[in-house]
Amino acid sequence: MAKSGVFERDPATVVKTVELKKEFQKMVRAIVDDDDINLEAIDKAQRTLLALKELKLKKSLSLKILNQHCNQETASGKVPEEFVCPLSKELMRDPVIIATGQTYDRPHIQKWLKAGNRTCPQTQQVLSHTTVVPNLLIRDMIMQWCENHGIKLPESIKYNDEDSLTEADREQFDTLLRKMSSTLSEQKEAAKQLRLLTKKMPSFRAIFGESADAIPQLLSPLSQTKDEPNLHQDLLEDIITTLLNISIHDSNKKLVAETPMVIPILMDALRLGIIDTRSNAAAALFTLSALDSNKDLIGKSGALKPLIDLLDEGHPLAMKDVASAIFNVCILHQNKVRAVSDGAVRAILKNITDRKHVDELLSLLAMLSTNQKAIEEMVELGAVPCLLNIIRETSCARNKENCIAILYTICFSDRTKWKEVREEERMYHTISQLARNGTSRAKRKASGILERLDRAAHFTHSA
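Scoring rules and cut-offs
- Residues numbered from 1 in each chain as written.
- Predicted model: local features only at pLDDT ≥ 70, side-chain atom pairs only at ≥ 80, totals over all residues.
- Heavy atoms only, no water.
- Helix = DSSP H or I, 4+ residues; strand = E, 2+ residues; numbered from the N terminus.
- Buried < 20%, exposed > 50% of the residue type's maximum accessible area, 1.4 Å probe, protein only.
- Contact = heavy atoms within 4.5 Å.
- Areas by Shrake-Rupley, 256 points an atom, 1.4 Å probe, with all protein chains shown as cover.
- Pairing = 2+ DSSP bridges.
- Axes fitted to C-alpha atoms, helices over the stretch in contact; angles between N-to-C directions.
- Disulfide = S-S within 2.5 Å.
- Phe/Tyr/Trp six-rings, centres within 6.5 Å; stacked < 30°, edge-to-face > 60°.
- Lys NZ or Arg CZ within 6 Å of the ring centre and 35° of its normal.
- Salt bridge = Lys/Arg side-chain N within 4 Å of Asp/Glu carboxyl O.
- pLDDT = per-residue confidence, 0-100.
- Core = buried A, V, L, I, M, F, W, Y, C linked by side-chain atoms within 4.5 Å.
- Parallel < 35°, antiparallel > 145°, perpendicular 65-115°, else oblique.
- Left-handed = near helix turned anticlockwise from the far one by under 90°.
- Nonpolar A, V, L, I, M, F, W, Y, C, P; charged D, E, K, R; others polar.

1. Overview of the overall build of the chain
In terms of helices and strands, the chain carries 25 helices and 3 strands. Counting every position in the chain, which comprises 463 residues, the buried fraction comes to 46%. Within the chain, contacts between residues at least 6 apart in sequence are counted, and of these 68% link residues at least 24 apart. Summing over all exposed atoms, the chain offers an accessible surface of approximately 23,500 Å²; the carbon and sulfur share of this is 53%.

Here's what the structure looks like:
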């Protein structure tokens, strides 16, 4: 007999759960059925999942606390683990939920995010967004627990990085920017300090957005040494990394990208810097491309070409940042066309064949496969056997799904590849196994290929 609890006895909660599940199914169908990437549907699906997770949390926590009361485990006044912030290890005053569904006290997770972190502190998952949502359920339960134990809940600590700058900090900032136009030794000293300050203190990132002159001042040494960039790699690295740190601050993204010197200097750094500098330049472009207007600006500037050239080199320290930057920029259709023209397909397949960062690069290749010229290049470069091999070798469902989605597009665009796929199916049953055991999207694509192969075989026999 199933256990009954608060969750099951609340009709409103049951109705809400059914509605959310229907909404989630609708969003998933929109994502799966769209051959491109439907960002709006993905965002809505994520929000729906968070709402479902909160309802599930309500069930589990309510039952747990009821059991604790039944067993008189809370009589000691010990704070339940669910009420403690994983970061501060203290009772939460203002619990909020992040993108992965974990709950933290608002001031502490805000401090974590403002420091430039883009992962969940507990799970280390990359956050799809940095919006936090009040966890009203946990907050109400904490207040009830405090009332039951005679504890007065302190006011929430307000975290405001903008107010943390003192007058002395501002004077230091102005002094360092002035040094960027001074002697080479002072430029290097100032650049190193600005790099450290913008890494450790979000307020130093924010202050760059207060003046239109601050970023040009930061970059001025690079315009002076443009003809001899290899002489001062340490200075270049510190300035590019500072630029990356500044770009993390959401309010700075538009200003940074639209400062005329920025994207050309990042492109130069991609070509001429040491590998750490090149990787940070790619990371800066990835961060800036969070805005659609910046994606367009980056694409039109020609920055995809040096990104693809760096990807082609296959350096392990830069691969993830470069692949992420190209992926983000190519969410815009016109940038897919540019990336294909700049040699992205060849560079991606080369690294996939060498089994370098296969996960990220298959996702990128799947995105580009909506472009007809990309499909033609994949066929010419022997992508079909490579993708079939990965399906057989990998245990990653996502990689199998991306491979079969690309193969589906290839097969329906180029009939000459049916024979190769049919032979693979005859020898290894690769496609039929995926049609039975893959993700829902992989099953659909694999079944589509099998149906087409069966029709072709039937037509041949009939003829």
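Still more to cover.
2. Quick notes on the sheet that holds strand β3 (residues 133-134)
Remark on secondary structure: sheet strands pair via backbone hydrogen bonds, oriented parallel or antiparallel. The antiparallel open sheet is built from 3 strands, whose spatial order is β2-β1-β3. Strands with a single pairing partner mark the edges of an open sheet, and in this sheet they are β2 (103-105) and β3. Both strand β1 (residues 95-97) and β3 contribute to a ladder of 2 bridges, which runs antiparallel. By the bridge assignment, I97 is partnered in β3 with V133. Against the sheet, helix α4 (residues 106-114) engages β1, β2 and β3, with an angle of about 100° to β2.

3. Here's the deal with the state of the cysteines
Scanning the entire structure with this criterion turns up 0 disulfides. For the unlinked cysteine C403, the closest cysteine sulfur is that of C386, found at 7.4 Å.

4. Thoughts on the packing of aromatic side chains
Scanning the model with the defined rule gives 4 aromatic pairs in all. For the ring pair F173 and F208, a centre distance of 4.9 Å and an interplane angle of 90° mean the geometry is edge-to-face. Here F173, found in helix α6 (residues 167-179), pairs with F208, found in the loop between α8 (202-206) and α9 (214-224); they are 35 residues apart in sequence, far enough to count as distant. Overall, F208 belongs to the buried group, its relative accessible area being 0%. R392 extends its terminal NZ or CZ atom over the ring of Y428, reaching a point 4.3 Å from the ring centre. Directly above the aromatic system of Y408 lies the positively charged group of K445, at a separation of 4.4 Å from the ring centroid.

5. So, the pattern of salt bridges
If you walk through the whole model with that rule in mind, you get 22 salt bridges. Each of K192, R195, E237 and D238 takes part in one network of salt bridges that share partners.

6. Digging into the environment of I308
With respect to the helices, strands and loops of the structure, I308 is situated in helix α15 (residues 304-313). Given a relative accessible area of 2%, I308 falls into the buried group. Among residues more than four places away in sequence, those in contact with I308 are I326, A339, D342, G343, A344 and A347.

7. Observations concerning the confidence of the model for the chain
This prediction gives the chain a mean pLDDT of 84; 82% of its residues lie at or above 70. Scored below 50 in pLDDT, residues 1-12 makes 15 contacts in the model with residues more than four places away or belonging to other chains. Here residues 65-75 is modelled with pLDDT under 50, and outside its nearest four sequence neighbours on either side it reaches 10 contacts, counting other chains as well.

8. What about the nonpolar core?
Counting 99 residues, the largest nonpolar core has F208, L218, L266, I326, I348, M378 and I404 as the members making the most contacts within it. Per-element tally for this core: the top contributor is helix α19 (residues 358-368), with 8 residues. Within the second largest apolar cluster, 19 residues are counted, among which are C85, V96, I98 and W145.

9. Some thoughts on the packing of helix α21 (residues 383-393) against helix α23 (residues 418-428)
Direction vectors running N to C along α21 and α23 enclose 25°, while the axes themselves pass 11 Å from each other. Here α21 is positioned roughly parallel relative to α23, judged by the angle of their axes. For the crossing formed where α21 meets α23, the hand is right-handed. On α23, the residues that touch V384, P385, L388 and R392 of α21 are E420, V421, E424 and Y428. The residue makeup of the contact of α21 with α23, split by class, is 5 nonpolar, no polar and 3 charged.

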